[in-house]
Amino acid sequence: MYTSRIAGIGHYVPDNVVTNADLEKMMDTSDEWIVERTGIKERRWIDPSTGDLPSTMGTKAAQIAIEKAGLTPDDIDFIVFATLSPDYYFPGPGVQVQDQLGIKEIGALDVRNQCSGFVYGLSVADQFIKTGMYRNILVIGSEYHSGGLEKTTRGRNVTVIFGDGAGAVVLQRGEDGKGILSTHLHSEGKHAEELALIGPATSRWVDQIMSENDESDTSYFPYMNGNFVFKHAVTRFSEAIIEAAAANNVQPADINLLIPHQANLRITQFIQRKMGLSDDQVYNNIQRYGNTTAASIPIALSEAHMEGRIKDGDLICLAAFGSGFTWASALIKW
Ligand code: UT7
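Residues numbered from 1 in each chain as written. Predicted model: local features only at pLDDT ≥ 70, side-chain atom pairs only at ≥ 80, totals over all residues. Heavy atoms only, no water.

Asks: When you look at the side chain of serine 302 in this model, what are you seeing that I'm missing?
Replies: Relative to the helices and strands, serine 302 resides in helix H11 (residues 296–306). Ignoring anything within four residues of it in the chain, the contact list for serine 302 reads Ile9, Gly10 and His11. (Helix = DSSP H or I, 4+ residues; strand = E, 2+ residues; numbered from the N terminus. Contact = heavy atoms within 4.5 Å.)

Written out as structure tokens, the structure reads:
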């Protein structure tokens with residue numbers, strides 16, 4: 001059996017910075033509330049005039065990852081694209097990346113696991129590489145939240161949290177024992193509606209929403225039962241990290257760098273304390289980007305790598321929790 005290693009990482013975020021002070025002009029909120037409850041100071045929101053979309057941002061991140069891996073697009077054998085905010089209802093953006101990169105007609109798979117999407121995607125790619133089916137796989141997480149958020153006081157508990165951006169890795173066949181040691185995937189669908197965007201979709205088509213013409217209808221904006229999600233997040237994040245460590249006979253404290261999905265700085269700080277990790281062992285960039293869902297881990301991985309926080313031989317743990325509920329982890333020997 002082969003191993004799979006991350007050979008190149010890239011990220012792309014829109015230029016448009018939206019500060020908490022900018023949000024104060026749109027809704028009844030404050031920099032103090034947002035920083036205290038979430039740690040977020042600013043986020044990137046796409047300026048629609050730029051034409052940025054999940055597929056184009058994903059492609060830009062992928063181009064960097066491919067270059068850093070010392071490859072060209074034609075070396076890529078397969079694409080895995082994780083997002084909850086695709087350019088189109090269908091098809092998913094994986095095929096658009098295949099086109100935008102000008103690659104031959106390789107397979108492209110779309111993953112719908114929200115905040116856990118990147119780790120789910122990485123796990124899928126890992127299986128293809130370990131069995132020898134593919135040699136180089138692009139795994140992308142990309143999100144365009146800002147266009148679909150309710151930018152009023154009614155939507156403030158969700159809107160202040162989310163940001164746009166993309167990250168990508170090239171997962172490559174290796175034979176030296178380094179790379180992804182294990183991945184762990186979970187779901188609990190009974191909580192699907194605690195963090196969801198219900199319609200328009202097949203349970204609630206556009207014509208139904210339009211015929212009701214109900215101003216109080218918020219089903220086409222993301223909904224989050226914040227306290228409920230928070231409580232589950234701290235439990236499931238911890239379980240996923242402990243599970244990854246136990247599967248590899250190490251302790252959470254042996255992890256050199258934990259790169260959690262950037263959901264809320266308070267959640268990450270809670271997990272850090274619970275796992276007994278130092279500041280050096282945990283990576284945070286939610287302060288600058290907010291929660292970018294499937295993109296948050298690859299953006300954080302990319303920045304951590306660029307900042308020299310990841311060294312050869314390090315144990316890196318990725319962990320995520322989000323809508324579904326889904327949660328997941330990966331332990332990587334760098
Ligand atoms: O990434 C996927 C997983 N997502 C998460 O893990 C997120 C989990 N949840 C959270 O991060 C937190 O629950 C939030 C940041 C969303 C909310 O923080 P909270 O401490 O749970 O606040 P809350 O919902 O209990 O609201 C407290 C108060 C309420 O006012 P009252 O009822 O006490 O008068 C809210 O109306 O804060 C109010 N509030 C706001 N005030 C100013 C809610 N949103 C805002 C806002 N600005 N943006």
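Asks: Got a minute to help me understand the domain arrangement of the protein in this structure?
Replies: Often, the extent of an interface is quoted as the loss of accessible area upon association of its parts. According to the domain assignment, the protein consists of domain 1 (3–177) and domain 2 (181–333). The gap between the C-alpha centroids of domain 1 and domain 2 is 14 Å. If you look at the interface, domain 1 gives 51 residues, while domain 2 gives 52 residues. Across the domain 1 to domain 2 interface the summed buried area is about 3800 Å²; carbon plus sulfur atoms make up 64%. (Domains from an automatic or database assignment. Buried area = accessible area lost by both parts, 1.4 Å probe.)

Asks: Mind showing me how you'd approach the pattern of salt bridges here?
Replies: Note that side chains of opposite charge can pair when their charged atoms are close. Tallied over the entire structure, the rule returns 12 salt bridges. As a salt-bridge pair, aspartate 126 and lysine 130 come within 2.9 Å of each other at their nearest N and O atoms. With aspartate 126 and lysine 130 both in helix H5 (residues 117–130) and four residues apart, this pair spans about one turn of that helix. Per residue, the accessibility class of aspartate 126 equals that of lysine 130, and both read buried. Between aspartate 217 and arginine 204 there is a salt bridge, with the nearest N and O atoms lying 2.6 Å from each other. On the criterion of sequence distance, the pair formed by aspartate 217 in the loop between helix H7 (206–212) and strand S10 (223–224) and arginine 204 in the loop between strand S9 (195–196) and H7 is long-range, its members being 13 residues apart. If you follow the salt bridges from partner to partner, you end up with Glu188, Lys190, Arg236 and Glu239 in one network. (Salt bridge = Lys/Arg side-chain N within 4 Å of Asp/Glu carboxyl O. Buried < 20%, exposed > 50% of the residue type's maximum accessible area, 1.4 Å probe, protein only.)

Asks: I'm lost on the nonpolar core in this one. Help?
Replies: Grouped burial of nonpolar side chains is what soluble globular proteins tend to show. Ile241 and Leu258 are the most contacted members of the largest nonpolar core, which totals 39 residues. The greatest single-element share of this core, amounting to eight residues, is contributed by helix H8 (residues 226–247). For this core, the two domains that each supply at least three residues are domain 1 (3–177) and domain 2 (181–333). Setting aside residues up to four positions removed in sequence, isoleucine 241 forms contacts with Pro252, Ile255, Leu258, Ile271, Met275, Cys317 and Ala319. (Core = buried A, V, L, I, M, F, W, Y, C linked by side-chain atoms within 4.5 Å.)

Asks: What is the right way to read the packing of aromatic side chains from this model?
Replies: Each aromatic ring pair is specified by the distance between its two centres and by the angle formed by the two planes. For the structure on display, the rule yields nine aromatic pairs. Ring geometry for phenylalanine 228 and phenylalanine 325: centres 6.0 Å apart, planes at 35°, overall tilted. In this pair, phenylalanine 228 is assigned in helix H8 and phenylalanine 325 in the loop between strand S12 (315–322) and strand S13 (326–333), connecting sequence segments 97 residues apart. Taking relative accessible area as the criterion, phenylalanine 228 reaches 26% and is therefore assigned partly exposed. Phenylalanine 325 gets classed as buried once you look at its relative accessible area, which sits at 1%. The interplanar angle of 50° and the centroid separation of 6.5 Å between the aromatic rings of phenylalanine 237 and phenylalanine 321 together place this pair among those described as tilted. One end of the pair, phenylalanine 237, is in helix H8; the other, phenylalanine 321, is in strand S12, and 84 residues separate them in sequence. In this pair, the class of phenylalanine 237 matches that of phenylalanine 321, namely buried. When the ring centre of tryptophan 45 is taken as reference, the NZ or CZ atom of lysine 151 above it lies at 5.5 Å. (Phe/Tyr/Trp six-rings, centres within 6.5 Å; stacked < 30°, edge-to-face > 60°. Lys NZ or Arg CZ within 6 Å of the ring centre and 35° of its normal.)

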